[in-house]
Amino acid sequence: MNGFVLGGVSSGVGKTVATLSIVQALEDAGYAVQPAKAGPDFIDPSHHEAIAGRPSRTLDLWLCGEDGLRRNYQRGEGDICVVEGVMGLYDGDGSSTAMVAEALDLPVVLVVDAKAGMESVAATALGFQQYADTIGRDIEVAGIVAQRAHGGRHEQGIRDASPDDLAYFGRIPPNPGLEIPDRHLGLEMGAEAALPREALREAAESLEADQLAAVASEPPAPDESVKSGGSVDATVAVADDAAFCFRYPSTLERFRERAELVTFSPVAGDPVPDCDGVYLPGGYPELHAAELESSATLSELGQRASEGLPVLGECGGLMAMSQSLTTAEGNRHEMAGILPADVTMHDRYQALDHVELGALEGTLTANVGERIRGHEFHYSSADVDGDARFAFETVRGDGIDGDHDGLTEYESLGTYVHVHAESGAFDRFFERIA
C-alpha cells in the first residue's frame, strides 16, 4: 500500500483538518484510504475513522520499533495510506514525524499555515525541505498544502512562489465548519464532534487528489521472522465505552489473535464477564465518575480482583482501579478500590512524554528486569498509600511518583503508561493469565 506523511510546520497548524480534507478528496476521487497517525494519539485517529470508515493505524518508533512500525503499517487496508504527523515535522526525540517518514521511506507533504503569508509560505516550505539535509535526515519533502488559504491572487501567489521541486497540492480554505472542539487531552473524540461532510467536501474541491495519490510510495517490508506467539486458552474482558475508549487498533487485533475477547461497559453497569483477565484501557473516567460510582460494575470488579482475577489498567484504567477519583471541580467519587491510591484531576496536564519502564519484579506485562516502552499523557495525579508496591522504575518519564510506575495489588496492575501491542507487554499479559 502506497502512502505519504502529512507533516506540519508546528503544532496547531491544522494537520488534523488537512488530513480529513485529504482523506475526503481521495475518497471522492475513487481511492480507498487507510488513515494513520504518527505518534501516540487516540483522539485524532478517532476523527480519521469517523471520515475514512476504518480504524487509523498508530505509527510510533518509540512504541513499536522500526519493524513493528512497518508491520503495523502493512496491516492497513486500502489504496493509499495518509499518515498525519505529530507536532512540527522535526519535533520530538523519541519518534518525530520526520523519523517515522524516514523509517517508512514515505514522502512528506508539508502543511503550512498560509493565513498571513504568500511568498513566505513557499520560503517556509523550502526551509523545511533543506533542513533535512542539514541534520542528515533522509526524507523527501515533496510539496505543500496551504492551510487557511484563500483562492484567487492569494493561492496563485503561493503557487507561483513555490520552487519547481516543491509541488503545490492545493489549499484548505478558511471555514468555521472545519473547527473541532477541544478539551483536556486534546480535541473531542470523532464520535462526538466529527467534521461535517459538506465542509470537508468543500475543502476537498481545492485539493489535487490525483497529484497526491501519484506522489505516494510503498514502504519497505517488515521482518516477517518476528512472531508474537500462538493463541492461549484464555478469555480477556475489555472495558469499552465512553469512559474507556483509548486503545490502539493493534491492541484489540493482538487480543483477538491470541485469546478470546469479550467487551463490557462499566458506565452502563454491565456485569464483569466470565473471563481469565480484565483490561481497562484509558479514556475519560473523570467525565463519567458519577455513573461509574453508581453502577455495580466497579464494586464487582474490586471483589473479583481481591479473589485473584488479574486486572490490567492503563491511565484511565488505573484511575478506575483506585480507591477514589476527585474531579477538577472537587467532587469525590468511589472507584473499584483495587489499588491503594486516591486520584485527583487537575487543570493542567501532569505528564506528557514517551516512557521507558524497568520491571522491578515479575508482573502482568513484564518479567523481572525487562524494559517496556510506552507513552503517558494525563491530567490526574495519584496519592498512594505508604505500603503501596510498585512493579516498575521509570527509566524515562514521570510515572506515578516520578520514580516508579505500575501499582500492583493482588494479581492486578495499574499504570499511567499506555503501551502498544508491539511492545510485548500484552503478550506477557496473555502468558500470565493462561
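Just so it is clear, the structure is predicted and the values come from calculations on it, not from any experiment.

A.B. asks: In this structure, what is going on with the overall build of the protein chain? I would like to understand it.
C.D. replies: A tally of regular secondary structure across the protein chain gives 14 helices and 22 strands. Computed over its C-alpha atoms, the radius of gyration of the protein chain comes to 22 Å, within 12% of the 22 Å expected for a compact globule of 434 residues. Oriented by its inertia axes, the alpha-carbon framework of the protein chain measures out at about 70 × 50 × 40 Å. Residues counted as buried form 58% of the 434 residues belonging to the protein chain.

A.B. asks: Explanation requested: the pattern of salt bridges in the structure shown.
C.D. replies: Oppositely charged side chains can pair when the atoms bearing their charge come close. For the coordinates displayed, the defined rule picks out 26 salt bridges. Residues E155 and R159 are paired through a salt bridge, measuring 3.7 Å at the closest nitrogen-oxygen approach. Taken as a pair, E155 and R159 lie in helix α6 (residues 153-161) at a separation of four residues, close to a single helical turn. With a relative accessible area of 15%, E155 lands in the buried category. Assessed through its relative accessible area of 34%, R159 is described here as partly exposed.

A.B. asks: Looking at this model, I keep getting lost on helix α4 (residues 97-104). Mind explaining?
C.D. replies: Along an α-helix, a turn takes 3.6 residues, which lines up residues three or four apart on a common side. The element α4 is largely enclosed, with a buried count of seven among its eight residues. Buried positions along α4 lie against β1 (2-8), β2 (33-38), β3 (57-59), α3 (61-74), β4 (80-88) and β5 (108-113).

A.B. asks: How should the sheet that holds strand β14 (residues 324-326) be read in this particular structure?
C.D. replies: Within a beta sheet, neighbouring strands are joined by backbone hydrogen bonds and run either parallel or antiparallel to one another. Pairing is mixed across the open sheet formed by four strands, whose spatial order is β15-β14-β16-β19. Edge positions in the open sheet fall to β15 (332-334) and β19 (380-384), since each of these has one partner strand only. Within the sheet, the average angular offset between the axes of one strand and its neighbour, ignoring direction, is 20°. In terms of strand pairing, β14 meets strand β16 (residues 341-345) through three bridges, oriented parallel. The residue bridging L325 from the neighbouring strand is V343, located in β16.

A.B. asks: I tried to follow the side chain of H47 on my own but got confused; where do I start?
C.D. replies: Position of H47 relative to the elements: it lies in helix α2 (residues 43-52). When sequence neighbours within four positions are dropped, the list of residues in contact with H47 reads L20, I180, L187, E188, M189, G190, A193 and A194.

A.B. asks: I tried to follow the sheet that holds β4 on my own but got confused; where do I start?
C.D. replies: On the basis of which strands lie adjacent, the open sheet formed by seven strands has the order β3-β2-β4-β1-β5-β6-β7 and parallel pairing. Two strands lie at the open edges of the sheet, namely β3 and β7 (167-172), each paired on one side alone. Within this sheet the neighbouring strands show an average axis-to-axis angle of 25°, counted without direction. In terms of strand pairing, β1 meets β4 through six bridges, oriented parallel. Across the sheet, residue F4 finds its bridge partner in β4, namely V82. With respect to the sheet, helix α1 (residues 15-28) is in contact with β1, β2, β4, β5, β6 (141-147) and β7, its orientation differing from that of β4 by roughly 170°.

A.B. asks: Which parts of the structure should I look at to understand the side chain of H354?
C.D. replies: Tracing the sequence through the fold places H354 in strand β17 (residues 351-359). Judged by relative accessible area, H354 falls into the buried class, the value being 11%. Within polar-contact distance, the side chain of H354 engages the side chain of D60 at 2.9 Å. Apart from the residues within four sequence positions on either side, H354 is in contact with P40, D60, W62, L63, G94, S95, G374, H375, R396 and G397.

A.B. asks: What am I meant to see in helix α5 (residues 119-134) here?
C.D. replies: Between the first and last C-alpha of α5 there are 23 Å, a value that for 16 residues agrees with the 22 Å anticipated at 1.5 Å per step. Considered for burial, the residues of α5 that qualify are V121, A122, A125, F128, Q129 and A132. In a view along the axis of α5, the buried residues occupy a sector of 125°, so they form one face of it. Facing away from the buried side of α5 by more than 90 degrees, the exposed set consists of E119, A123, D133 and T134. The secondary structure elements touched by the buried residues of α5 are β1, β5, β6 and α6. The first or second residue beyond α5 is G136, which carries a positive phi of 75°.

A.B. asks: Any chance you could explain the pairing of β5 here in plain terms?
C.D. replies: The two faces of the sheet receive side chains in turn, since in a regular strand these alternate between them. Of all six residues in β5, five are buried, a share of seventy percent or more. Where β1 lies against β5, four bridges are found, and the strand directions are parallel. Of the residues in β5, the one forming a bridge with G7 is L110. Here β5 pairs with β6 via six bridges, running parallel. Its bridge partner being in β6, V109 is matched across the sheet by G143. Since β5 and β6 lie parallel, the crossover through α5 that links them has a hand, and here it is right-handed.

Rules used in this analysis
Residues numbered from 1 in each chain as written. Predicted model: local features only at pLDDT ≥ 70, side-chain atom pairs only at ≥ 80, totals over all residues. Heavy atoms only, no water. Helix = DSSP H or I, 4+ residues; strand = E, 2+ residues; numbered from the N terminus. Rg over C-alpha atoms; globule rule 2.2 N^0.38 Å. Buried < 20%, exposed > 50% of the residue type's maximum accessible area, 1.4 Å probe, protein only. Salt bridge = Lys/Arg side-chain N within 4 Å of Asp/Glu carboxyl O. Contact = heavy atoms within 4.5 Å. Pairing = 2+ DSSP bridges. Axes fitted to C-alpha atoms, helices over the stretch in contact; angles between N-to-C directions. Polar contact = N/O pair within 3.5 Å; in protein donor to acceptor, adjacent residues only side chain to side chain. Expected span 1.5 Å × (residues − 1). Arc of directions from axis to C-beta. Right-handed = clockwise from strand over helix to strand, strands pointing away.

Fair warning: the whole summary comes from geometry, so function is off the table for now.
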